[in-house]
Amino acid sequence: MRPGYPKVMLPEDRPFVRRTGARVLVVAESDVLLIQDRDLGVPGSSWWATPGGGVDPGESFRSAAVRELWEETGIQTTESQLAGPVYRRLVAHGYSDRVLCQDEEFFVLHTSRTVPQPQGLTESEVAKRIEARWWPLDSLPPRVRPAKLTEILARASTAGEPELELGESVVELTPQQLARVSEVIAALRPATRCRK
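Note that the structure is a prediction, hence the values are computed from the model and not measured.

Peer 1: Could you clarify how one ought to interpret unusual backbone geometry in this entry?
Peer 2: Trans is the prevailing form of peptide bonds, just as negative phi is the prevailing case for residues other than glycine. A cis amide bond links Gly84 with the next residue in sequence, Pro85, at an omega value of 20°. As for its placement among the helices and strands, Pro85 is situated in strand E5 (residues 83-94). Between Arg145 and the following residue, Pro146, the backbone shows a cis peptide bond with an omega angle of 0°. If you trace the backbone, Pro146 turns up in the loop between strand E8 (144-145) and helix H3 (149-155). At Arg143, a residue that is not glycine, the phi angle is positive and equals roughly 55°. By secondary structure assignment, the location of Arg143 is in the loop between strand E7 (129-136) and E8.

Peer 1: So what exactly am I meant to see when it comes to the pattern of salt bridges here?
Peer 2: Pairs can form between side chains of opposite charge whenever their charged atoms are close. A full pass over the atoms with the stated rule returns eleven salt bridges. Ionic pairing is found between Arg67 and Glu59, a salt bridge with its closest N-O pair at 2.8 Å. Given a relative accessible area of 14%, Glu59 falls into the buried group. Measuring nitrogen to oxygen at the nearest pair gives 2.5 Å for the salt bridge that ties Arg89 to Glu104. Of this pair, Arg89 sits in strand E5 while Glu104 sits in strand E6 (residues 99-110), placing them 15 residues apart in sequence.

Procedures and definitions
- Residues numbered from 1 in each chain as written.
- Predicted model: local features only at pLDDT ≥ 70, side-chain atom pairs only at ≥ 80, totals over all residues.
- Heavy atoms only, no water.
- Helix = DSSP H or I, 4+ residues; strand = E, 2+ residues; numbered from the N terminus.
- Salt bridge = Lys/Arg side-chain N within 4 Å of Asp/Glu carboxyl O.
- Buried < 20%, exposed > 50% of the residue type's maximum accessible area, 1.4 Å probe, protein only.

Set out below in structure tokens:
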């Protein structure tokens, strides 16, 4: 880990990072694969999330989902094996070092249950990761991202317009940050809809 990491910043100094992201709901019969991460600047913090991450320049949401799934879990798939997108959202995550404003698309992969074996985590991803494991859909852990996971899977249809979700921050956003989130999200939405 590089010196000075994690870099904890005062709320007013945290930069706003804009990003598009692709996530995969990986389902094996009645279980879903989730990854537990933490904010190294907030002792005791943790949450469970679906595999996924940022969309690289020139990459589609779907191809990013395939790549991120491989990097984070070792599960190989193809774009055609992904259902969806089944859900779209605009989300702001408050962390100890930044506010991440992300336009996300979610896909579903039905597969057999395997042991997750990451293939391409960065140094900081390794440091933040706690574990990856399968969870029964009827008894998910607390603090799951997205909170609507079971609802999304039950619906499993083509996604409509993105929903705005603000309840997944590790650190509470200040009123000033919330106002800025609205501005950032408004600027992010039109720029990313054309990147299918």
